[in-house]
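Residue-level structural notes
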Amino acid sequence: MANKYRTLLNVSLFTFLGLLFCLLAENYFHLPIFGSGYFFTTISYLFSALIFNIIGFALLAVNKSLGRRIADNNLSKKIIIPIYTAIFSGLFLSNWLFISFAKILAGFEHPFSMQINGWMVCLVLWFIETSVIGLLFVYNYMTYLMQLQKDTMILRQEYDRAKYQALQEQLSPHFLFNSLNILVSQIEFNPQKAITYTCKLSEVYRYVLSVKDRKSSMIKEELGFLKSYIYLQQTRFDFPLNFVNRLNPESLDLSIPTLTLQILAENIFKHNVILPDSPMTIEIGIENGYLYVSNSIFPKTCINSTGIGLSNLSKRSLMLSGKQIIIEKTDKFTVKVPVIYE
């Protein structure tokens, strides 16, 4: 629909230029281009409008081609000005040729010569033509750039969506692999506890599956998942755990990357020794636009870590909020995740 109206506008403008040329030629040069009378005058105006439309659309086609090459950096900037100088100079030359042709038809003795007033008319007409066509050139070029930018944004969004999904899909197999390892050990040493563990695992993994296509989740959803996940770990180790929740009610509706707390909790249990005489303390809260999770440090002496979890979380945070996670290690290990304000 927009192209239809744009074409109609172009036809109107080129027709106006053709009629203006014919009007000036008739009044200032007294040129009965095809003869005298109403019928021939009408034909003259229609013919002039047709010629100007043909030339105008040809110039727009050339400008469109040049504009695309300029936008794609396929045209040297050194020849852009000479090309457009030649185009607009050609407009002035075409006016002179049209008037000369009309003079030939009218039987003038010197059709290719003009007085000062004639050149002034040509100059005024040329100025109007270059203004109209120049504005159309700029408008069409800007329209092309805006469409190009829109297409680029769509492609970028598709790329980011595919990239984000690829990152997020790393989590489900990673989480399932570790959980099944725990379940196998429980089946061997404590079958009854393995049954309980399996029920809780199904609840946790149901949440994982339900949010796998979501980029972000509210903190209250993640917090509920975290409590279930911690239960699984307590079932596994049967250890004392201090969980300190410093989240205020207002912060529970804020969002963070999906499965953030699963990654951070898994990181805690993977890198620390859990013993009855060294209770683990996990603290969670909001500070300066970041959700933080800190834990006591009881490092394992030997650990096989791929580093997928935190690296994955940092990349997803960057894509969603423009900020990466912050990792601090003092007497506690703290990971700060930027909150997503939606």
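These numbers were taken from a predicted model, which means no experiment stands behind them.

A short note on the overall build of the protein chain
Looking only at helices and strands, one finds nine helices and seven strands in the protein chain. Residue burial in the protein chain is summarised as follows: out of 342 residues, 39% are buried. In the protein chain, once contacts between residues fewer than 6 apart in sequence are set aside, the share between residues at least 24 apart is 74%. Surface summary for the protein chain: the accessible area is close to 19,800 Å², and the carbon and sulfur share equals 63%.

A closer look at the sheet that holds strand β4 (residues 280-287)
Sheet strands associate in pairs through backbone hydrogen bonding, adopting either a parallel or an antiparallel arrangement. With mixed pairing, the five strands of this open sheet are ordered in space as β2-β4-β5-β7-β6. Edge positions in the sheet fall to β2 (241-245) and β6 (326-329), since each of these pairs with one other strand and no more. Going across the sheet, the axis of each strand differs from the next one's by a mean of 15 degrees, ignoring polarity. As paired elements, strand β5 (residues 290-296) and strand β7 (residues 332-338) share seven bridges and run antiparallel to each other. Bridge assignment links Y290 to a residue of β7, and that residue is P338. Its contacts with the sheet place helix α8 (residues 260-271) against β4, β5 and β7, and it is angled at close to 20 degrees to β5.

Looking at the nonpolar core
L261, L264, F269, L291 and V293 are the most contacted members of the largest nonpolar core, which totals 41 residues. With near-sequence residues (within four places) excluded, F269 lies in contact with Y229, I230, Q233, F239, I274, I282 and K300.

With respect to helix α9 (residues 308-321)
With 14 residues, α9 extends 20 Å from end C-alpha to end C-alpha; this agrees with the ideal 20 Å at 1.5 Å per step. Remark: G322 follows α9 within two positions and exhibits a positive phi of approximately 80 degrees.

Some points on the pattern of salt bridges
On inspection of all chains with the given rule, the structure shows six salt bridges. E283 serves as the salt-bridge partner of K332, at 3.7 Å between the closest nitrogen and oxygen. In this pair, K332 sits in strand β7 while E283 sits in strand β4, placing the two residues 49 residues apart along the sequence. Residues K336 and E328 are paired through a salt bridge, measuring 3.3 Å at the closest nitrogen-oxygen approach. Under the relative-accessibility criterion, E328 is labelled partly exposed at 34%.

Remarks on the packing of aromatic side chains
With the rule as written, the count across this model stands at four aromatic pairs. By the ring-pair criterion, three or more aromatic residues cluster together here, those being Y207, F225, Y229 and F269.

A word on the side chain of T334
One can find T334 in strand β7. Ignoring anything within four residues of it in the chain, the contact list for T334 reads Y292, V293, S294, I326, I327 and E328.

Observations regarding the environment of F239
Locating F239 in the fold gives a position in the loop between α7 (219-237) and β2. On the basis of relative accessibility, which here comes to 6%, the residue F239 falls in the buried class. Taking the C-alpha atoms as reference, F239 lies 7.3 Å from P279; in sequence the two are 40 residues apart.

Concerning a nonpolar patch on the surface
Residues I116, M120 and L123 make up a contiguous nonpolar surface patch of about 300 Å² in total accessible area. Within the fold, M120 resides in helix α4 (residues 116-169).

Overview of unusual backbone geometry
Phi is positive for L259, which is not a glycine, with a value near 65 degrees. One non-glycine residue, N288, lies in positive phi territory at about 55 degrees. Here N288 is to be found in the loop between β4 and β5. Of the residues examined, N288 reaches a relative accessible area of 73% and is grouped as exposed.

Conventions and cut-offs
- Residues numbered from 1 in each chain as written.
- Predicted model: local features only at pLDDT ≥ 70, side-chain atom pairs only at ≥ 80, totals over all residues.
- Heavy atoms only, no water.
- Helix = DSSP H or I, 4+ residues; strand = E, 2+ residues; numbered from the N terminus.
- Buried < 20%, exposed > 50% of the residue type's maximum accessible area, 1.4 Å probe, protein only.
- Contact = heavy atoms within 4.5 Å.
- Areas by Shrake-Rupley, 256 points an atom, 1.4 Å probe, with all protein chains shown as cover.
- Pairing = 2+ DSSP bridges.
- Axes fitted to C-alpha atoms, helices over the stretch in contact; angles between N-to-C directions.
- Core = buried A, V, L, I, M, F, W, Y, C linked by side-chain atoms within 4.5 Å.
- Expected span 1.5 Å × (residues − 1).
- Salt bridge = Lys/Arg side-chain N within 4 Å of Asp/Glu carboxyl O.
- Phe/Tyr/Trp six-rings, centres within 6.5 Å; stacked < 30°, edge-to-face > 60°.
- Patch = residues over 30% accessible without salt bridge, like charges linked within 9 Å, V, L, I, M, F, W, Y side chains within 5 Å.

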